[in-house]
Structure formats: structure tokens, C-alpha cells
Amino acid sequence: MPLPLPALLVATFLAAAPSSSEASSDAPRGVAAAIENYEEALIEEALKRHGRELEPSPEGKVLEEVLVATEDVVAEIDPFPDFLNIFHARTRDDVVRREVLLEVGKPYSEQLAQETARNLRGLRLFSMVRLVPVKGRTPDTVALMAVTKDIWSLRLNSDFAAVGSLLQYLKLQGTEQNFLGRGKRIAVDFILRQDTLSVGQSYTDPRVLGSRWSLSESIAVIQGRESGKTEGSRGNLSVSRPLFSLSTPWSASAAVSWNVETNRVYRGASIWQLPFPGGPAVPYIYRTEEVAGAFAYTRSLGTRYKWNVGGMVGAYHYQYGAPLESGLTPEQSEWFNRNYLPRGEDAGYVGLSLRAFDARYEVLRDVDSYVLAEDFQMGHWIAATLRYAPPVFGERSHFAEGGLALRYRLRLGDTLTTASLSGAIRRQLGQGGAWTNRRWAAELIEVSPKVLGGRFVARGLLDVNIDDLFDRIHLLGGANGLRGAGADAYSGRRLLLFNLEYRSRPIVVKTVHLGGVLFWDSGSAFNDKPAMVHTVGVGLRLLFPQFNVLPFRVDFGYVLNDARPPVGSRFSFAGGQMTDVRPTFMETPL
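Note that this is a predicted model, so its numbers are computed, not measured.

## A short note on the overall build of the protein chain
Assigned secondary structure in the protein chain consists of 6 helices and 33 strands. Its C-alpha atoms give the protein chain a radius of gyration of 26 Å, near enough to 25 Å, the size a compact globule of 590 residues would have. The principal-axis extents of the C-alpha atoms in the protein chain amount to approximately 85 × 55 × 45 Å. A buried classification covers 49% of the 590 residues belonging to the protein chain. A separation of at least 24 residues holds for 61% of the contacts in the protein chain among residues at least 6 apart in sequence. Taken as a whole, the protein chain presents about 26,700 Å² of accessible surface, with 61% of it coming from carbon and sulfur. Each charge class in the protein chain can be summarised by its mean position, and for the 65 positive and 64 negative side chains these summaries are 3 Å apart.

Spelled out as C-alpha cells, the structure:
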């Protein structure tokens, strides 16, 4: 979750400055408007600055020019000290212009304008993006004004999960995500887990030398917190030419990655002790060696209804085992490997992929991010993948597997419904072949119309593993879905979870949005039959639209029908909304 470096300065300013109701009459007129609609206030200021008027009927008129109105992080309508802009290089106009899909001299298209806005929002350089048509110099022409507002780029990005005083995960990333205003991203990473810390760096260039090619690389060294010794490293390198618009005919990518580390699985503050039959417990600790590489090519077809058909070739090496220092007996090691460790595997494969979707998008607000625009792809979305691994590394690596993910999103009035279903299966080929890795998951999310200015949001999720060669286990409790329960208090190969929230209308103090949440959670991580645990609670959501596009969340829960942790452990802290916590399997089943 992005945490800007000036957050403490902003908080101090908020405490010292008068509230919006006490603002002096000579304050910028846009401040009051910003409280009601932050984006519209910025558009109004941009039109004044450029001396332009909105064009009510732009479709089909000749586009005479593209104007760029990029606001600093702290704009005139923002009641924050503008000296913060000294530390931020505002995005260059050419970075915005190169994303514009409309061409000067050709007819204006609202569809291309909206697609451009989605692409600009996807760069994560701006807290706000709106493309508005303005009147041209003659009645049959129109100009396009790209109104953007920079998000703070010199940041201490963070992602974290904490339950009470237990910090389960903390990622701090000193980042300049808009280096010299050119859209390049450089970062130094620090990741703290309960057992390890890692330090590394990363670099991302989404437009190499102004082209449509992108480059990304990272490397990190992992150190054990208790031993103080280096335990491994991780990294990746990828080069790609993405589908940057709905009319882009092809894309290609190549990537390599590795991860070598010692994994320790915790339940709460202690390493999980596995119940070895007839002997002492086995600590859930194992060594991981993973190396993978792949090349993919995709051909994009269609306009309104898209069909992206691709092919891929790749190889990987996965190896897992108890480290020597665990001191396990041969019997314990064999039992541990058979029942709890992911299965090691070396394989090369070829595959086919399909992405099919309805290229229809809508912009909503007050769903996850209060005042800022949120893009939602409507209608159907399908992702299918088939892979075949020949026995080049031995009979064990001879298999075929497939994955399918489906989603349908429907908007009726101000109600938003999203239904998702995914599944995967593998068939071991050759002598003694069997069906394995059978997994399926279903999710339903319902966002209600506004009620007293807020919204009800409900989510149901079921995730089932059967004959999983990689022994994936769900942990539930705390910030990952069952708020108020102990951190990772429940475990199993299957997960059933329900979340119901009422997200209030935010209180706006100097454009900072503070909202409340009432929630009910019900969940179970299980192997055979679910034993549902119910919790209720309250939470806060805090959004700085100058610095973030998703809110921070703080929740306090109370367990209704099971063991209750100490009061301090009933708090959970994280970034984004609870519905953002979901299996990646829902969209990438393989």
C-alpha cells in the first residue's frame, strides 16, 4: 500500500489547520467544490487556466490538438503546503501525449478517449485522470484536454499485515516511480517477515526509449532474522510489448525468474508444529529452489468482443525439502515430504492461451476508492490455458494440464454484481497416469446502490483443493478475511468465506476522506466439513487522494462463537478494501 513520505507532514497540517467549515472566505473557491467532487473541481481549474470551454457534442469532429493539463501533487485547490511540490518532478507533457490513442487531424472518438484515460490510470503516475473534449477554433473542430493530477512519486511504498501487536508482514519500498517526470520507476526494497528480511532493488521502464516495449528487473538478497546469515535470493527480468490498446494486433513477452529461500510457516507468532504420528512434532520449515523462464506471443482479434489467442513455451525447476539443520529422522522427512511439502518438479512445456472479453467499461466512484474514478470491465471475461509437458526430464514430468477462469460483471442502476468461477486440473501421462491438482473456486461480490450515502458490499468465496501435488494450504484469521480472530488461527486445504460490510459515506476534511465500516465476517479453513466462525466489528478507511488511490484500513473485530484472542490482537491493519484480499487463482488458474 503506497505510503507517501510527507504523510506525517500532512497529518500535522491537518491537525493545525482550520476545518473546511472554518476556511476563510479568501480561500480558493475550488476547495469547497473539491469536497463535493474532487475531480470536477480539478477540471474546472484546468479549463480556467487554459481559457477553454467544454464541447458538448465532440463525436466525429476533427481533432485539432491535444492539450495537457497536469497538476502538481499539491494543486491550488488542495489545502496542503505547496512546498511539497519541490520534491516532486511533475510528469512531462510528452509522457501523457504518447499514451493518447486519438490522432490529430482525424475524427474525435469518445471510445478512444476513454480507453486512453484507462491506460493513463494504469500507469499509476496519477491520482486522477480525465479526458475532456473542449471547443476548437472552428465549429467543426474539437480539442482534447488531458486533465491529470500527479500522485506523489517520491514515496515510501508499503504493504503490511498486522494483527494486534503481531506484525506478520511489512514491505517498505523507497521509490521514485516517476523519475525526472519521465514515468520510469526505480526502487529500493525492504521486506520484513516473521523469520527473514530481504533487501533489494528494482527498475521498471514502461516505454523503453519511447517505444511500446517495456523492461522490468529486480533482485533481492534474503537474510534470516535469527541466524543473521544469508539464506537465499530472488529476482526476475522481463521484456514485453503489451497490448496497449484494444486495436493493438499483437504482443510478446519473455521472462526469467528465480527464488531460493527457506520457508517457515507460522500460525500466529510461532512456527507451525506439525503432529508427527508417534513422535515429536515437526516444524513446518522447508527449503525452496525455484527457477523459471518463458516466452509468449499473443494475437489480438476483434473490437467490441475481443479474442486474444496466444502460444507459449517455457521451462522450470522446482525443488523443496526439509533443511539439514532441521535434524529430522528419515521417517519424519518422508512423512513431511509426503503430507506437507510442495512436490518438486522439473518440466518443459508448450501451451496455448485464450483471453476473451467484452470491451465495455464503466467508470464508478465510491466502490473501493471514494472520490476517485474506478474502471470496471463489464460483461463476460474468459481466460483459458492448456499446457503439455513432454517427458524430457523423465516420466514424472510428462503431463497435460488446463485452467479456466470465468467472470461476468453486471450493472443494474447503481448496483454492481461480479460473479467469478475458476478451475484447474492435471493429467499425469504415461504409465500409472492419474488426475491431480484438481482445484476450483467461486466468488460472488455484490455492491449495493447508495444507502444513506454509503454502500453495502457483500462477498462470498469458496476455494477447494483436491489431490494437490503442491499441498497448498489456506490460513484464515486476522487481516486475511476473518477480522477479530487470531492471526492465521484456522488452516485447511479448502476455504469458505463470507464478508458483509456497510461502507459509510466519507467525511471530507481538507480533501482527506475518512470513512467508517461495519462488518460481519464468517469463515472456515477446513479439510472435510466447514466449521464456520463468525465475527463482527467496526473499521476506519482513510484516503489521501493527493497521495494514494486506495484507502488504508483499520478494523476491530469480535469473535462470536469461538476462542477470542487478546483485545490487542483483534485489531488488523492493511491497505485496500477487504474484497481485494482474494486468491490470484481466480484470474490465473495456471
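## Things to note about the environment of T288
Assignment of secondary structure puts T288 in strand β16 (residues 285-301). Through-space distance from the C-alpha of T288 to that of L421 is 30 Å; in sequence the pair is 133 residues apart. In contact with T288, other than residues within four places in its own chain, are N259, V260, E261, N263, Q319 and Y320. At 2.5 Å, the side chain of T288 forms a polar contact with the side chain of N263.

## A word on the nonpolar core
Core analysis: the largest hydrophobic core is formed by 18 residues, its most contacted members being L63, L102, Y108, L131 and L144. Listed by contribution, the elements that provide at least two residues to this core are β2 (62-71), α4 (93-97), α5 (110-122), β3 (126-135) and β4 (141-150). Setting aside residues no more than four positions away along its own chain, Y108 makes contact with P58, E59, G60, K61, L63, L102, A113, P133, V142 and L144. Of all hydrophobic cores here, the second largest spans 15 residues; its members include Y38, L42, L47 and M128.

## Digging into the sheet that holds β2
Spatially, the 3 strands line up as an open sheet ordered β2-β4-β3, and their pairing is mixed. In this open sheet, the two edge strands, each paired with only one partner strand, are β2 and β3. For this sheet, the mean inter-axis angle between neighbouring strands, taken without regard to orientation, is 15 degrees. Where β3 and β4 come together, 9 bridges link them in antiparallel fashion. Paired with P133 across the bridge in β4 is L144. Each of β2, β3 and β4 touches helix α3 (residues 38-50); the most contacted strand, β4, lies at about 125 degrees to it.

## Let's talk about the pattern of salt bridges
Throughout the structure, instances matching the rule amount to 43 salt bridges. Taking the shortest distance from any N to any O, the salt bridge between R130 and E40 comes out at 2.9 Å. Taken together, the positions of R130 in strand β3 and E40 in helix α3 put the pair 90 residues apart, joining distant regions of the chain. The partly exposed category is assigned to E40, whose relative accessible area is 35%. Among the ionic pairs, E345 bridges to R343, the shortest N-O distance being 2.5 Å. Of the residues examined, R343 reaches a relative accessible area of 17% and is grouped as buried.

## Considering empty space enclosed by the protein
Inspection of the entire model under this criterion finds 3 cavities of 30 Å³ or more. Its boundaries defined by the atoms lining it, the second largest cavity holds a volume of some 80 Å³. In this structure, the second largest cavity is lined by 14 residues; those nearest its centre are D366, Y370, R455, R503 and S504. In the lining of the second largest cavity, the residues fall into 3 nonpolar, 5 polar and 6 charged.

## Quick word on the pairing of strand β31 (residues 533-543)
The alternating pattern of β31 places V533, T535, G537, G539, R541 and L543 on a buried face, while none of H534, V536, V538, L540 and L542, on the opposite face, is buried. One ladder, built from 11 bridges, connects strand β30 (residues 512-526) with β31; its direction is antiparallel. Across the sheet, G516 pairs through a bridge with L540, a residue of β31. If you look at the hairpin formed by β30 and β31, you'll find 6 residues sitting between the two strands.

## Examining the packing of aromatic side chains
Enumeration according to the criterion identifies 14 aromatic pairs in this entry. With 5.6 Å between their ring centres and 50 degrees between their planes, W272 and Y284 make a pair best called tilted. Here the residue W272 occupies a position in the loop between β13 (270-271) and β14 (273-274), and Y284 occupies one in the loop between β15 (282-283) and β16, the gap between them amounting to 12 residues. Side by side, W272 and Y284 carry an identical accessibility label, which is buried. Here the basic side chain of R118 rests over the ring of Y361, its NZ or CZ set 3.7 Å away from the ring centre. Over the aromatic face of F399 sits the side chain of R426, whose NZ or CZ is 3.6 Å from the ring centroid.

## Comments concerning helix α6 (residues 330-339)
Every buried residue belonging to α6 is among Q332, W335 and F336, and all of these are buried. Looking straight down α6, one finds that the buried residues subtend no more than 100 degrees of arc, so they occupy a single side. Where the residues of α6 are buried, they touch β14, β15 and β16.

## Some thoughts on the pairing of strand β9 (residues 214-224)
Sheet topology places strand β8 (residues 196-205) next to β9; 10 bridges connect them, and they run antiparallel. Counted as the bridge partner of T204 is S216 from β9. Bridging between β9 and strand β10 (residues 230-241) involves 10 bridges; their strand directions are antiparallel. Opposite Q223, over in β10, you have T230 as the bridge partner. Counting the residues between successive antiparallel strands, the hairpin from β9 to β10 contains 5 residues, one of them, G228, with a positive phi of roughly 75 degrees.

## Section: the environment of I382
Note on placement: I382 falls in strand β21 (residues 379-389). Judged by relative accessible area, I382 falls into the partly exposed class, the value being 27%. Considering only alpha carbons, one finds I382 and V208, 174 residues apart in sequence, at a separation of 30 Å. When neighbours within four sequence positions are excluded, I382 is seen to be in contact with L354, R355, A356, L404, A405 and L406.

## Here we look at unusual backbone geometry
Here L209, not a glycine, exhibits a phi torsion of approximately 55 degrees, which is positive. Taking relative accessible area as the criterion, L209 reaches 84% and is therefore assigned exposed.

What counts, and where the lines are drawn
- Residues numbered from 1 in each chain as written.
- Predicted model: local features only at pLDDT ≥ 70, side-chain atom pairs only at ≥ 80, totals over all residues.
- Heavy atoms only, no water.
- Helix = DSSP H or I, 4+ residues; strand = E, 2+ residues; numbered from the N terminus.
- Rg over C-alpha atoms; globule rule 2.2 N^0.38 Å.
- Buried < 20%, exposed > 50% of the residue type's maximum accessible area, 1.4 Å probe, protein only.
- Contact = heavy atoms within 4.5 Å.
- Areas by Shrake-Rupley, 256 points an atom, 1.4 Å probe, with all protein chains shown as cover.
- Lys, Arg positive; Asp, Glu negative; His and termini not counted.
- Charge placed at Lys NZ, Arg CZ, Asp CG, Glu CD.
- Polar contact = N/O pair within 3.5 Å; in protein donor to acceptor, adjacent residues only side chain to side chain.
- Core = buried A, V, L, I, M, F, W, Y, C linked by side-chain atoms within 4.5 Å.
- Pairing = 2+ DSSP bridges.
- Axes fitted to C-alpha atoms, helices over the stretch in contact; angles between N-to-C directions.
- Salt bridge = Lys/Arg side-chain N within 4 Å of Asp/Glu carboxyl O.
- 1 Å grid on protein atoms, 1.4 Å probe; cavity = no way out; pocket = protein on both sides within 12 Å on 5 of 7 lines; lining within 4 Å.
- Points joined across faces, edges and corners; volume = space filled by probe spheres on them.
- Nonpolar A, V, L, I, M, F, W, Y, C, P; charged D, E, K, R; others polar.
- Phe/Tyr/Trp six-rings, centres within 6.5 Å; stacked < 30°, edge-to-face > 60°.
- Lys NZ or Arg CZ within 6 Å of the ring centre and 35° of its normal.
- Arc of directions from axis to C-beta.

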